[in-house]
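# Observations on the model geometry
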Amino acid sequence: MMRTYAGHSTAKASNELYRRNLQKGQTGLSVAFDLPTQTGYDPDDELARGEVGKVGVPISHRGDMAALMDGIPLGEMNTSMTINATAAWLLALYIVAAEEQGVSQEQLQGTTQNDIIKEFLARGTYAFPPAPSMRLIADMIAYTVEHVPKWNPINICSYHLQEAGATPVQEIAYAMSNAIAVLDAARERIGGGHGEAGTQLMGEVFGRISFFVNAGVRFIEEHAKLRAMSILWEELGRERYGVEDPRLLRFRYGVQVNSLGLTEAQPENNVQRIVIEALAVTLGRDARARAVQLPAWNEALGLPRPWDQQWSLRIQQILAYETDLLEYPDIFEGSRVMEALVEELLGGARAEMAVVAEHGGAVQAVPYMKAALVDSHRERIRRIETGEQVVVGQNRFTESEDSPLTADAEGGILVVDPALEAEQIAEVRRWRSERDQAAVKDALAALAAVASEENASENLMTATIAAARAGATTGEWSRTLREVFGSYRAPTGVGEATATAPDEEMNELRGEVSRLQEKLGRRPKILVGKPGLDGHSNGAEQIAVRARDSGMDVVYEGIRLTPAQIAASALQEGVHVIGLSILSGSHRELIPAVMNALHDAGVSAPVVVGGIIPEQDVATLEQAGVAAVYTPKDFDITRIMRDIVALVGAGADRSPAVASSTSANGSA
Amino acid sequence: MSGAPRPQGGVGAAIGARLRLRDLSAAPAALNLLESTAPVDREQSAALLKEVSPAALGSEAPAHVIGVTGPPGAGKSTLLSALLHAWRQQGRSVAMLAVDPSSRRSGGSLLGDRARIDFDPTDRGVLIRSTAAGERLGGLAWATRAAAHALAAAFDIVVIETVGVGQAETEVADVVDTVAVVVQPGSGDVLQFLKSGIMEIPDVLVVTKADIGQIAMRTRRDLSAALRSLGSRSTRVLSVSSLPPPSGIEDLVAALEEHRAGLDVGERRLRARRAGALTDFALEHGERGLRALGGRRAAEQLLAAQEPGLEVPALVAALERGMR
C-alpha cells in the first residue's frame, strides 16, 4: 500500500488534497492531525496558539470529520490516522462520520497509531498520565476487536524511538516491551484470555497489533533489524500469549523512513537517502513492509508542498513497478552474513528487554528508557560533530553549487496562512453555539462517570462515541478526561544523561564558562524550553545536557510551555540567557509572543532560537529581538554553546555584576 | 570588579527596603544578588539582609518558613502543587526555593523541578526558584539560607524543598520554622532512620499516595508507632493524596499552621541565625579562625552577647571583629 502522510490547514483543504492524491494512484489515506487535535485542545485554547492547522489538519468535532472525509467512500477506504493520546476520540468521530455516510463500523478499515509509550519517550503528544492512557488503549482494543473488526486499534511505533536516537537494539527492545505492556493490558481487559474462547480472542487481539518502524540509511543493518523483529514477535505470540495460528503471528509493519538523517544542508541529497532507506524495508520478502510512507526531501526545511510529496510517491512507484524488487522470493534466505547480523541484534534486544522487564515493564520503565535514548542521541551527535559518522553535505563534502530547488520566494516549502487560525477559532465557537448544549453536557457527564475509578471496568469507547455524536469538541472530551485522570508531565531524561566525555573543545568551553562565572558573580544560568504544543524535544534535550556538561546551571522545563510560563520562569529563576526550540513551524507566532511576554515581565536576558526555521523567517525573528537562530545545519552543539557563552559575556560587559543582577527586577 | 561607582545607598539596600515593604516583585533581583559570589555583590547582599533583619523590621520576619524534604519519588512536587493551590486560595503569597540534589557534573547542573509544580504563571503571588545543592559540603547553600531570611520579610510562606532523608532534614531544620518530611508508602528507610536515630524527629510527617490504600495506611500506622516508642507525642503524621480529587491537603495546611502557632518563633530563629553565622564564619576562616576566637564555645558566647535582632552577616562581622 502506498500513502503519503498528509493534512494541513482545514478539513476542507485537506479533503481536496486527499482526493487529488487518490486520483494520482495513492491507495489509502494517512491523516496528519495538527498538534492541538493530537493533544486534545480546541483551536481557541491558549496552548493552541500558532499551531492550528500547522503540522496537520485541525479536527474539533464530527462536522470537521465529515468535511475531511467528504466524497471519500469510507466503506472502501483504508485510513491510517497518526493520532495517539486522543485516538479514542478521533476513531469515535470517524465512526460517526461513517454512520452519516451510511457505512457501519463493521466495514471500517484502517489504523489508529495509539501508541502512548512512545509519546512519553519521544514525541510528546500525550494528554493523560500513563495508567489511564493505557486504559484508553485497552478499551479501544477491546471495543474494536468486537465492533470494528477490520480496524488496527494500535500501531506500536519504534519509528519515533529511532528519531529520538535509539540504536537498532534499543528500537527492537523498546518496541517489543511496549507491545508486551499493551497486550498485557488488553488481555486483562478482555477477561484474562482464559479458556479456549479466551485464547482465541487473545489471538485476534495479537493479530490486530501492527508496528510502525523506522529505517535509517545503514540499510543492511536496518533490514536485519526487521527480520529480528519478526522472529521476536512470533516468539512472543507463541510463548507469552499462546497464539498458534501462523496468520495471526505474522509481524505486520508499516514504515516511514528516517527523518532524523535528512539534512537541511544540500537537501537534494535526501532523495538518495530516502530511496536507500526504502530498500531497507522492501529488499527481503520475509521482512517486507506492508505500507511504506516516504518523507519529502525538504522535511528539514519546513512543511513539504504537494509537489514534494508527489516526488516521494513516485519513488515508491518506481521501486514497485519499474524495478524487479517484487519478483523474487526472499533474497537473503541462506545468507550467513544476514543470519549472523540478525542473531547479534536478537541477543542485544533480548538483554535490553530483560532490563525493561526488571523495571516492571514498559510503563514503569519510561524514565529508564527515556534516559537511555537521550544518551544514545547524545552519542550520535558527538559522532557527527567529530566526523566519526559521515553525513555527506553536512560534515563532509560540504561545498555546493547554488541550488535551484530552494530558490523560489518561499524557499521551497509550504507556508500555512496565519489568518487560518482565527477562522478556525471562529468556526469552533460557531459550532459550540449552534449545537444542542444539553445533549453535549449530558454526554460529557456520562463520559466523566465512566472514566472515574469506580467504573474502571467499563469501556470508555461507548461514552466517547456518544459524545462525538452529541457534538462535543476535541477540547471538551480531553478536558473532561483530564479532570478525572489528572494531568501529567513525562520525564525529560536529561537529569540522568551521562556526561559527555570531555574533549579538547569541551575543556576549552568549560574554561570559557568559568571565566564567565567570575564575570557574572554567579554560575551562568540558562532556561531551555519548548513553547507551544510541539513535543519533539530531542534537540532541546541535547542543548540542555550539553549546557550542563559545559558547566552551566540549566533550568529545563520540557515541552508545552505558554509564553507566560517561559516569562515567569526566566524572571523567577534569574537566568542569563533563554534557549527556545520549535520544530512545528509555529515560530512565527510563538516567538514574538514569548518576546512580548519577556518584555512585559521586565526580563532582558537574550533569547536564542533553534529548530526548523526557514531561512526567510530568520530576519523576522531577529527583528522581534531574537539574538541568534540555529537550524538543523548547525549540528555542532559545542559551537552553539560557545556562541551562547559569548553572548552572555557581551551582555555582562555592558552591565557589570551588581547591575546585571538587577536587570531582571520585574518591577515593570 | 567592575570598578563602577556604587549608587548612593546601594542596590542591595534598595532591594532590601522593597522586600521590607512586602514588594514581591523585588524578589528575583534579591535572589540574583544573594546568589552572587562577587565581592561587590557580597557587600550589597549584606546591606540587603540588614534591611530585612528583625532589627530593621521591628519583629521577626512574618513568613512561615517551612522545610519540605523527602527521598526522590516520594511525591514532593505533586504535594507542593497541592499545597501551593491551598495557600493561594487562602490568599497567602508563597515563595518556593527548590534545592536540586543532582550532583554537579563538570560544575553544571540540571534544574528540572519547577516544571513539575503546577501553578498559574501570571500569578504574582508565587515565586519558584531552583538552585543546585551547595558546592560546599555540609548544609544548604549559603544563598538558600540568605534567600529564606530575605524572602520571609515579603512573602507569607517560604518553602525550602530539599531531597534526601537522614541529612537533608537536619540541614534544613536550622533555617526553617517547621520541618515536614514526606514519605512514600511502603518505603522503610524513614522508619529505620527514625528508630536508629540517624534522623531527627521532624515536626510533621506526610505519607503520600494515600490513594493506593492499604500500604499507605500501614505506613502511617508504623510511623506513628515508631514515634510513640521514641517518646514523641507532638509530631503529627498525616496521609494525603494529590491525585484528583486531592485529600488530606487541608489537614496538612492546618497541621503546619498548628506547629507554628505552638512555636517560639523568635527563639527558634535567633538560634538559627547564630548557628548560621557560626557556619559561615567557619567556612570562611576555618579551624584557625575559630581558634583565634578562643574556640567554638567562646564564639557561641560572643554571638549570645550580640543584639538579638541582627542579621547573619552582621553576626559574622562581629565574630570577625573578635578575631583581632
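Heads up: the structure comes first, above all this text.
Predicted model only: the values in this text are computed from it and were never measured.

What counts as what
- Residues numbered from 1 in each chain as written.
- Chains lettered and ligands numbered in written order.
- Predicted model: local features only at pLDDT ≥ 70, side-chain atom pairs only at ≥ 80, totals over all residues.
- Heavy atoms only, no water.
- Helix = DSSP H or I, 4+ residues; strand = E, 2+ residues; numbered from the N terminus.
- Rg over C-alpha atoms; globule rule 2.2 N^0.38 Å.
- Buried < 20%, exposed > 50% of the residue type's maximum accessible area, 1.4 Å probe, protein only.
- Lys, Arg positive; Asp, Glu negative; His and termini not counted.
- Charge placed at Lys NZ, Arg CZ, Asp CG, Glu CD.
- Axes fitted to C-alpha atoms, helices over the stretch in contact; angles between N-to-C directions.
- Parallel < 35°, antiparallel > 145°, perpendicular 65-115°, else oblique.
- Left-handed = near helix turned anticlockwise from the far one by under 90°.
- Contact = heavy atoms within 4.5 Å.
- Nonpolar A, V, L, I, M, F, W, Y, C, P; charged D, E, K, R; others polar.
- Phe/Tyr/Trp six-rings, centres within 6.5 Å; stacked < 30°, edge-to-face > 60°.

Further remarks concern the overall build of chain A. The secondary structure content of chain A amounts to 26 helices and 15 strands. Taking 26 Å as the expected radius of gyration for a compact globule of 668 residues, we find that chain A reaches 25 Å, a close match to that expectation. Projecting the C-alpha coordinates of chain A onto the three principal axes gives extents of approximately 75 × 65 × 50 Å. Within chain A, buried positions represent 62% of all 668 residues. Each charge class in chain A was averaged separately, 61 positive and 89 negative side chains, and the resulting centres sit 0 Å apart.

Residues and elements named next belong to chain A. Running from N to C, helix H4 (residues 87–100) and helix H18 (residues 460–470) cross one another at 55 degrees; their axes reach a closest spacing of 9 Å. The angle between the axes of H4 and H18 places the two elements in the oblique class. The hand of the H4/H18 crossing is right-handed. Across the interface between the two elements, Ala-88, Trp-89, Leu-91, Ala-92, Leu-93, Ile-95, Val-96 and Glu-99 from H4 touch Met-461, Thr-464, Ile-465, Ala-467, Ala-468 and Arg-469 from H18. Residues belonging to the contact of H4 with H18 are distributed by class as follows: 11 nonpolar, 1 polar and 2 charged.

To continue, consider the side chain of B:Thr144. Mapped onto the elements of the fold, B:Thr144 is located in helix H6 (residues 142–151). Those residues in contact with B:Thr144, other than ones at most four positions away along the chain, are B:Leu97, B:Val99, B:Thr131 and B:Ile160.

Before going further, it helps to spend a moment on the packing of helix H11 (residues 265–292) of chain B against helix H13 (residues 312–323) of chain B. All names here are of chain B. The geometry of H11 relative to H13 is characterised by a closest axis approach of 8 Å and an angle of 25 degrees between their N-to-C directions. Overall, the two elements H11 and H13 adopt an arrangement that is roughly parallel. Classified by chirality, the crossing of H13 by H11 is right-handed. Here Arg-273, Arg-274, Gly-276, Ala-277, Leu-278, Asp-280, Phe-281, Glu-284, His-285, Gly-289 and Ala-292 of H11 lie close against H13, whose contacting residues are Val-312, Leu-315, Val-316, Leu-319, Glu-320, Gly-322 and Met-323. Among the residues making up the contact of H11 with H13, the classes are represented as 9 nonpolar, 4 polar and 5 charged.

The next point concerns the packing of aromatic side chains. For any two aromatic rings, the description comes down to two numbers: the centre-to-centre distance and the angle of the planes. Residue and element names in this part refer to chain A. One pass over the structure, following the stated rule, counts 15 aromatic pairs over all chains. Here Trp-89 and Trp-477 contribute two aromatic rings whose centre-to-centre distance is 5.9 Å and whose plane-to-plane angle is 20 degrees, an arrangement assigned as stacked. Separated by 388 residues along the polypeptide, Trp-89 in helix H4 and Trp-477 in helix H19 (residues 474–485) bring together distant segments of the chain. Of the two residues examined, Trp-89 and Trp-477, each falls in the buried class. Between Tyr-94 and Trp-151 the ring centres are 5.4 Å apart and the planes differ by 50 degrees, which places this aromatic pair in the tilted class. Linking Tyr-94 in helix H4 with Trp-151 in strand S6 (residues 151–152), this pair joins segments that are 57 residues apart in sequence. Trp-151 carries the same exposure label as Tyr-94, and that label is buried. What links up through ring pairs into an aromatic cluster is the set Phe-206, Phe-211, Trp-233, Tyr-241, Phe-251 and Tyr-253.

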